[in-house]
Amino acid sequence: MSIPVLQYKPSSQNQRVEGYEVPSEDTPIMYRLTDATSDQDIDEIIWAGYRQIFSEHLILETYRQPFLESQMRNRAIRVSDFIRGLGKTDVYREEVAETNSNYRLVDISFKRFLGRATYNKQEQIAWSIIIATKGLHGFIDALVDSDEYRQNFGNDIVPYQRRRYKGRPFNLVNPRYGADFRNRLSMRNFGGTSYYTARTSGGYATGEEIRKVIPSNFMSMAGGIITNERNYQRTIATVTSQIQNMEIPDMTRESSTIQPRVKPVEVALPYRYVPGRKTT
């Protein structure tokens, strides 16, 4: 018996609010199978599906799925089946699922299959339980068979980012650079062991093994270094004490020259004026 999806409260993201934007280059293009009248239209639908599910980073010739493409061109499957098939390919498993934690996989898959980001951490936890119990294929089936997918895309529309308010488009989000994947990749490259383990695992470690694990030991030590913060209070106290004990030399000069004093003198003006004397 599978565990049902846990209950969570949706937040008011922009795709849940009526939009009043002026149509522009950010307005999503709807690719619908019922509107396709030629082989070129089918090719555009297939290209849109690749761009949405695999993202711009994984559209390579070697990642193409000729069996799914052939079924789409012959109209043997619907668009939802094509999208479901892309999510179950080895490409999606190896390049998206295995390089991320379940939480980030849920967020990326929501952006690509449902056209929106996850509401909150509670939604990521709820759907990560589906991944843990049903696996990746069961998770993809749950997304494509969900009421939200049916209401917004049905069986004949390629999923798209329902509303773009800010940030990069969802199909440009790189799936490979999560923090957990970087740490896992570093440990894989560094051998996954420490220098101490290599020396105490029994027997004598070869020089190649020691050189292989030394970077891991160095990275762990470098990551544990904490930069000392400057103690401004101690610096202020030190400077204050220096100022208090500092003797300022007397820089005044004694002048022995007597400064001349100017005596007021009457000047010839139309009226009598003597500097410094009040006149009426």
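These numbers come from a predicted model, not from an experiment. By convention here, each chain's residues receive numbers from 1 onward along its written sequence. Local features in a predicted model are, by the rule used here, given only for residues with pLDDT of at least 70; side-chain atom pairs are given and counted only at 80 or more, and totals for whole chains, interfaces and linings are based on all residues. The side-chain numbers reported here are obtained from all heavy atoms of the structure, hydrogens and water having been left aside.

A. Up close: the overall build of the protein chain. Within the protein chain, the regular secondary structure consists of 11 helices and 0 strands. Helical segments are the DSSP runs of H or I of at least four residues, strand segments are the runs of E of at least two, and each set is numbered from the N terminus. Tracing the protein chain from N to C terminus, the helices and strands come up as α-α-α-α-α-α-α-α-α-α-α. The buried label goes to any residue with under 20% of its type's maximum accessible area, the exposed label to any with over 50%, and the partly exposed label to all in between, with areas taken from a 1.4 Å probe on protein chains only. By residue count, 32% of the 280 residues in the protein chain fall in the buried class. In the protein chain, of all internal contacts separated by at least 6 residues, the share reaching a separation of at least 24 is 65%. Shrake-Rupley sampling with a 1.4 Å probe provides the accessible areas, and residues are treated as covered by the protein chains on show and by no other component. Accessible area for the protein chain stands at about 19900 Å²; split by element, carbon and sulfur atoms hold 53% of it. Should any heavy atoms of two residues lie within 4.5 Å, those residues are considered in contact.

B. Geometry of the environment of valine 91. Assignment of secondary structure puts valine 91 in helix H4 (residues 90–97). Overall, valine 91 belongs to the buried group, its relative accessible area being 9%. Measuring from C-alpha to C-alpha, the distance between valine 91 and phenylalanine 54 comes to 8.2 Å, with 37 residues separating the pair along the chain. Apart from residues lying up to four places away in sequence, valine 91 is in contact with Phe54, Tyr63, Gln65 and Val96.

C. The packing of helix H5 (residues 102–114) against helix H6 (residues 121–144), seen in detail. Packing of H5 against H6 leaves a shortest axis separation of 8 Å and a crossing angle of 65°. When the interaxial angle is binned, H5 and H6 end up roughly perpendicular. At the point where H5 passes H6, the crossing takes the left-handed sense. Where H5 abuts H6, its residues Asn102, Tyr103, Leu105, Val106, Asp107, Ser109, Phe110, Phe113 and Leu114 lie against Lys121, Glu123, Gln124, Ile125, Trp127, Ser128, Ile131, Leu136, Phe139, Ile140, Leu143 and Val144. Each residue is assigned to one class: nonpolar for Ala, Val, Leu, Ile, Met, Phe, Trp, Tyr, Cys and Pro, charged for Asp, Glu, Lys and Arg, and polar for all the others, Gly among them. Counted by class, the contact of H5 with H6 contains 14 nonpolar, 4 polar and 3 charged residues. For helices, the fitted axis covers only the stretch in contact; all axes are lines through C-alpha atoms, and the angles between them, taken along N-to-C directions, range from 0 to 180 degrees. Any angle between 65 and 115 degrees counts as roughly perpendicular, while under 35 counts as roughly parallel, over 145 as roughly antiparallel, and the rest as oblique. Two helices cross in a left-handed way if the nearer one is turned anticlockwise from the farther one by less than a right angle. They cross in a right-handed way if the turn is clockwise.

D. Up close: the pattern of salt bridges. Salt bridges, as used here, are contacts in which a Lys or Arg side-chain nitrogen is within 4 Å of a carboxyl oxygen on Asp or Glu. Scanning the model with the defined rule gives 13 salt bridges in all. The shortest N-O distance in the salt bridge between arginine 32 and aspartate 35 comes to 3.4 Å. The class of arginine 32 is partly exposed, set by a relative accessible area of 30%. Arginine 84 is paired through a salt bridge with aspartate 141; the nearest N and O atoms lie 2.9 Å apart. Highlighted residues: arginine 84 in helix H3 (residues 79–87) and aspartate 141 in helix H6, separated in sequence by 57 residues. One salt-bridge network, in which partners are shared between bridges, spans Arg84, Lys88, Asp141, Asp145 and Arg150.

Note that all results are geometric; they support no functional claim without further evidence.
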